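Examination of the molecular architecture
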Amino acid sequence: MDQLRLYNTLSRNKETFVPLHDGEVRMYVCGMTVYDYCHVGHGRLMVVFDMIQRWLRTLGYRVTYVRNITDIDDKIIRRAVDNGEPIRALTERFIEAMHEDEAALNIQRPDHEPRATQFIAQMLGMIDALERNGYAYQGRDGDVNYSVRKFAGYGQLSGKSLEDLRAGERVAQNDAKEDPLDFVLWKRFKEGEPPDTGWDSKWGRGRPGWHIECSAMSCALLGERFDIHGGGQDLQFPHHENEIAQSEGATGQHFVNYWLHNGFVNVDNEKMSKSLGNFFTLRDVLQRYDGEVIRMLILRAHYRSPLNYSDPHLDDARAALTRLYTALKDVAPDDRALDWSERHAAAFRAAMNDDFNTPVAFATLFDLVTDLNRTGDPALARQLKGLAGVLGMLGRDPREYLQGRAPAADGLAQLDAAQIDEQIEARAQAKHAKNYAEADRIRAALLDAGVVLEDKPGGTTEWRRV
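Residues numbered from 1 in each chain as written. Predicted model: local features only at pLDDT ≥ 70, side-chain atom pairs only at ≥ 80, totals over all residues. Heavy atoms only, no water.

Considerations on the environment of Thr364
Looking at the element boundaries, Thr364 is found in helix α12 (residues 358–375). It is 6.1 Å that separates the C-alpha atoms of Thr364 and Phe348, two residues lying 16 residues apart in sequence. Excluding anything up to four places from it in sequence, Thr364 contacts His344, Ala347 and Phe348. (Helix = DSSP H or I, 4+ residues; strand = E, 2+ residues; numbered from the N terminus. Contact = heavy atoms within 4.5 Å.)

Listed below in structure tokens is the structure:
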């Protein structure tokens, strides 16, 4: 196996990856809470960990990739009540929308996509173990809580001390918790809540807290100890911190070896979030940009770095993707296997093994494009298509992408191929009649419509969308 090095949030260092079982990787990623459409921040998480699982498989590992769905939650309940619809109807609708967005971004489905409501029994079993081990108690309001101060390692992932956390808390009068830092494991059913939001337990009818869901699902599908746990940077505390406390408190053993967190998506230097009202849903962006352009935007930034979202950045990503497809348009790749000993592939591999350094990997692809454009070598075309394919890119026929009626900003790309061919023929006739002003007018009008003509000595034989 290659020496993959990755940044472990737990140790705050870049470490050589050593799986628990030789040749096998078990990875869990916190997925979506399905009460609304996915925004670009969700898209980044899905694309990043899709890229990571693809690279692990490229290295030859047998990967079990789990990404959960939270389908019971306070926000889900509120939205369903406001809409006057059953919880299941709401969640099914947004799960289907999420899968549509994933397909547009060429995201492979995880090996397992567990829903929280399918693992209630496992959650109750874990809460019962925590109670037996002295970490859980039932408060005066009926909720079952986790006693944070009883877990010696609390704060190890986030670097937060209990003293700092306690200083930032305000103690509510008659608080049902023993300590304000304690978090809920099981929420007691409240009068007036929809009947499909509760399950019976020895602590009374209720529903799980958010944190226990991921602990139970990951342990059930991957074992009580596994290799990689991922998620967005915003989940590091308290969600992932609480997962460690729950899982290790219940099982008595180390939970996860490597913690990976992707960075925020920023708009005007502020984190994209629904609470700030500065978020963009993927399906809104997909009305104007091809899904592969969005994937390019996300992967050109290092996964741990902030990603600046804007239309100009998307336009730049589109231009970069166009350059890659254009390089493959006139040179058909040969049919040999990807050659990892070739210098571009070796540089690409080194970049990806250095904590999934996709910016350097893409720089290598553009160096390869330069050599391909200069030589027209089918072997280099094969290398470009193969290496980009590792990242989930360049999977379409180049002309299909370059001439396709993909969504485009500013209302461009409205002409279909037949209309464009008619204008190209009219321009050719104008040039034949030496009416160069008309030929220039047609060319300019096509450009205004988002179509670039490629003139060659034999005439205009190619065109593409901007």
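Details of the environment of Leu105
Residue placement: Leu105 occurs in the loop between α3 (87–104) and α4 (120–132). Judged by its relative accessible area of 1%, Leu105 falls in the buried class. In this structure, the C-alpha to C-alpha distance between Leu105 and Lys187, residues 82 residues apart in sequence, is 36 Å. Apart from residues lying up to four places away in sequence, Leu105 is in contact with Gly43, Val47, Leu282, Leu286, Gly291, Ile294 and Arg295. (Buried < 20%, exposed > 50% of the residue type's maximum accessible area, 1.4 Å probe, protein only.)

Describing the sheet that holds strand β11 (residues 265–267)
The sheet built from three strands is open, its strands ordered β12-β11-β13 with mixed pairing. Only two strands of the sheet have a single neighbouring strand rather than two, namely β12 (270–271) and β13 (307–308). (Pairing = 2+ DSSP bridges.)

Focus: the pattern of salt bridges
According to the stated counting rule, one finds 32 salt bridges in the structure shown. The closest approach of N and O atoms between Arg54 and Asp50, which form a salt bridge, is 2.8 Å. Of the two residues, Arg54 and Asp50 both sit in helix α1 (residues 40–58), four residues apart, roughly one turn of that helix. As far as the burial class goes, Arg54 and Asp50 line up, both buried. In this structure, Asp128 and Lys202 form a salt bridge, with 2.5 Å as the shortest nitrogen-oxygen distance. With Asp128 in helix α4 and Lys202 in the loop between β7 (183–188) and β8 (206–208), the pair connects residues that are 74 residues apart, well separated along the chain. Overall, Lys202 belongs to the exposed group, its relative accessible area being 55%. Overlapping salt bridges, with partners in common, bring together Arg67, Glu102, Arg109 and Glu113 in one network. (Salt bridge = Lys/Arg side-chain N within 4 Å of Asp/Glu carboxyl O.)

Observations regarding the packing of helix α11 (residues 343–353) against helix α13 (residues 378–390)
Any two packed helices are characterised by how steeply their axes cross, that is the angle between the axes, and by the distance between the axes. Running from N to C, α11 and α13 cross one another at 15°; their axes reach a closest spacing of 10 Å. Regarding the angle of α11 to α13, the classification is roughly parallel. Every pair of crossing elements has a handedness; the one defined by α11 and α13 is right-handed. Across the interface between the two elements, His344, Ala345 and Phe348 of α11 pack against Leu380, Gln383, Leu387 and Val390 of α13. Among the residues making up the contact of α11 with α13, the classes are represented as five nonpolar, two polar and no charged. (Axes fitted to C-alpha atoms, helices over the stretch in contact; angles between N-to-C directions. Parallel < 35°, antiparallel > 145°, perpendicular 65-115°, else oblique. Left-handed = near helix turned anticlockwise from the far one by under 90°. Nonpolar A, V, L, I, M, F, W, Y, C, P; charged D, E, K, R; others polar.)

Digging into the packing of helix α15 (residues 417–432) against helix α16 (residues 436–448)
It is the contact of α15 with α16, at a shortest axis distance of 7 Å, that shows an interaxial angle of 160°. In terms of orientation, α15 lies roughly antiparallel with respect to α16. Pair α15 / α16 crosses with left-handed handedness. Between α15 and α16, the residues in contact are Gln423, Ala426, Arg427, Ala430 and Lys431 and Tyr436, Glu438, Ala439, Ile442, Arg443 and Leu446, respectively.

Any link to function would need more than the numbers given here.
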